[in-house]
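# Architecture and fold: a report
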Amino acid sequence: MKFDHIIIRYGEISTKKRNRKGFVDKMKAHIRWSLKDIEGVVLTANRERMYVLLNGADHRPVIDRLKGIFGIQSLSPAIKIERDLEVMKTAALYYLNHTLEEVNTFKITTKRADKDFPYNTDEINRAIGGHLLRNTEDLKVDVKNPDLNLLVEVRREAVYLTGEIIQGAGGLPFGSSGKAMLMLSGGIDSPVAGFLSMKRGLDVEAIHFYSPPFTSERSRQKVIDLVGKLAEINGSMKVHIVPFTEIQLLIQKQIPENYSMTTTRRLMMRVADRIREKEEAMALITGESLGQVASQTMSSMFAINEVTNTPILRPLITMDKTEIIKIARELDTFEISNLPYEDCCTVFTPASPKTKPKREKVNYYESFVDFESLIEKAVSETEILTVKPGQTFDKEEAMEDLF
Ligand SMILES: Nc1ncnc2c1ncn2[C@@H]1O[C@H](COP(=O)(O)OP(=O)(O)OP(=O)(O)O)[C@@H](O)[C@H]1O
């Protein structure tokens, strides 16, 4: 006996009415992609649920992959069996021994959709429960708060056993919210912002600004590795690598030092917005968190945001650093982000950047400088890479190179 299918329950998709099909189709495509190398599995869907028929495949790797698919609320491995009490008892014991969680207490909940079945609900509960108690040690019945509530569904065509409810990733199906551009530094925050945006159904491309020779090849590679991590979600991610040295040198030369950081951010936004337009995306995403550093105060964001009316998504805006780090660790990006390679912003950061820059002042300073041709040049010289998952980062080798 084996688990023969997995039940997939929808999360927020179930609140969608007329456009539900679009969401379900996106999720189906993502699940199909994630299971493509597991032989034999077949996916079916209806308005309420999806089912993965395992056709002999082991349920554990399938569940592991499904756990990462956005839009899934929960999952349950299930068994379809004959309408025979002895078979039902054996199957229940199998279920108990193969759940992923530790089970100390249980209850059986039978539902008889077919009232012609020769045993009533109570008789089935007791027969199966007794069988489990006789064949296990230290297992107890708990009808109020059991570790395992084994649902036995007696239908006309067969009996279905399911019990374990495994939490899914939640969110919305990948790509169901359209496309946005993630401004990705090598830091801890922006990869987390990218992940959370993808979780809300966005298809994300990354934009990274780098300033050779002030920033090294290693820091560029670090960003590619971060993109490789995010690419695990759906198999690949594009990254636009923007040469930013000329713009930064011009800012350094022409803008008063305490306003150079504000102008740098404004220029990044302007360039990113051009790339967004070319890629037909509808928003920019940043890893900003309110008040974290000088460029992330309300006044700074007010001054920086002025250069575009494209929506700027800031998924981390109300999060504390510790909350962000927790997600970065779960995502496995923390170690990569934490490597001490310089970023183009840190290299050019003034000693005391304005924490309360004024729009009028920054506009006044920028009015003496023609950035337009350099913006065009940066966009046209942007390198576009498609990164696949598994660009593993060799931390030891990287550290050796550093010291
Ligand atoms: N070199 C860069 N390329 C692309 N985007 C950048 C770059 N530097 C900063 N950004 C964007 O600006 C945001 C704020 O950057 P900043 O360096 O002030 O903050 P941070 O808290 O260190 O963020 P992060 O941890 O993401 O680097 C980043 O989250 C990112 O979205």
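Residues numbered from 1 in each chain as written. Predicted model: local features only at pLDDT ≥ 70, side-chain atom pairs only at ≥ 80, totals over all residues.

## Focus on the environment of S299
For S299, the position within the fold is in helix α9 (residues 298–305). Residue classification places S299 among the partly exposed positions, given that 15 C-beta atoms sit within 10 Å. Here the alpha-carbon distance between S299 and R359, two residues 60 residues apart in the chain, equals 8.8 Å. Setting aside its immediate chain neighbours within four residues, S299 contacts T355, K356 and P357. (Helix = DSSP H or I, 4+ residues; strand = E, 2+ residues; numbered from the N terminus. Buried ≥ 20, exposed ≤ 12 C-beta atoms within 10 Å, placed from the backbone. Contact = placed C-beta atoms within 7 Å.)

## Concerning the nonpolar core
Core analysis: the biggest nonpolar cluster contains 93 residues, and V152, L161, A180, L182, V192, V227 and I285 have the highest contact counts within it. In this structure, A180 is in contact with S197, L202, V204, A281, M282, A283, L284, I285 and L313, ignoring residues within four places of it in sequence. (Core = buried A, V, L, I, M, F, W, Y, C linked by C-beta atoms within 7 Å.)

## Concerning the site of the ligand
By nearness alone, 20 residues border the ligand, and S185, G187, D189, S190 and G287 come closest of all. Mapped by element, the contributors of at least two residues to the shell around the ligand are α5 (189–199), β11 (202–210) and α12 (344–348). Take the shell around the ligand: its biggest share by element is three residues, from β11. Here the shell around the ligand is built from residues that sort into eight nonpolar, nine polar and three charged. (Near = placed C-beta within 6 Å. Nonpolar A, V, L, I, M, F, W, Y, C, P; charged D, E, K, R; others polar.)

## A few points about unusual backbone geometry
Excluding glycine, residues mostly carry a negative phi; peptide bonds, for their part, are mostly trans. Here the amide bond leading from P212 into P213 is cis, since omega sits at 5 degrees, within 30 degrees of zero. Phi is positive for D138, which is not a glycine, with a value near 60 degrees. Among the secondary structure elements, D138 is positioned in the loop between α4 (121–134) and β6 (140–141). Under the C-beta neighbour-count criterion, D138 is labelled exposed, with 6 such atoms within 10 Å.

## A word on the sheet that holds strand β13 (residues 284–285)
Taken together, six strands build an open sheet; the order of strands is β14-β13-β10-β11-β12-β15 and the sheet is mixed. Across the chains shown, the open sheet's two edge strands, defined by having one partner strand only, are β14 (312–313) and β15 (383–387). Where helix α6 (residues 217–230) meets the sheet, its contacts fall on β11, β12 (237–243) and β15, and the angle it forms with β12 comes to roughly 160 degrees. (Pairing = 2+ DSSP bridges. Axes fitted to C-alpha atoms, helices over the stretch in contact; angles between N-to-C directions.)

## Overview of the UniProt feature "binding site: ATP" (unreviewed entry) in the protein
Here, UniProt's "binding site: ATP" (unreviewed entry) annotation points to M183, L184, H208, F209, R265, G287 and Q296. Of note, M183 is situated in strand β10 (residues 178–183). On the basis of neighbour counts, which here come to 22 C-beta atoms within 10 Å, the residue M183 falls in the buried class. In this structure, M183 is in contact with S190, I207, M268, A272, L284, I285 and T286, ignoring residues within four places of it in sequence. When you line up the elements, Q296 lands in the loop between β13 and α9. Leaving out residues up to four positions away in the same chain, Q296 has contacts with E288, S289, L290, G291 and M301. (UniProt positions renumbered as here; feature names shortened; annotations may be inferred.)

## Details of the packing of helix α8 (residues 257–278) against helix α13 (residues 359–366)
Orientation of α8 relative to α13, taken along the N-to-C sense of each, is 80 degrees, at an axis distance of 10 Å. Here α8 is positioned roughly perpendicular relative to α13, judged by the angle of their axes. Across the interface between the two elements, Y259, T262, T263 and R266 of α8 pack against K361, V362, Y365 and E366 of α13. (Parallel < 35°, antiparallel > 145°, perpendicular 65-115°, else oblique.)

## Digging into the pairing of β12
For β12, a buried count of five out of seven residues is recorded, marking the element as mostly surrounded by other parts of the structure. Pairing of β11 with β12, which is carried by five bridges, proceeds in the parallel orientation. Across the sheet, A206 pairs through a bridge with V239, a residue of β12. Between the parallel elements β11 and β12, the chain passes through α6 in a crossover that is right-handed. (Right-handed = clockwise from strand over helix to strand, strands pointing away.)

## Some points on helix α2 (residues 59–66)
Since one α-helical turn is 3.6 residues long, residues separated by three or four positions face the same way. Regarding α2, the residues found buried are H59, V62 and L66. Around the axis of α2, the buried residues are gathered within 65 degrees of arc, so they sit on the same side. Exposed residues on α2 whose side chains face more than 90 degrees from its buried face are R60, P61 and D64. (Arc of directions from axis to C-beta.)

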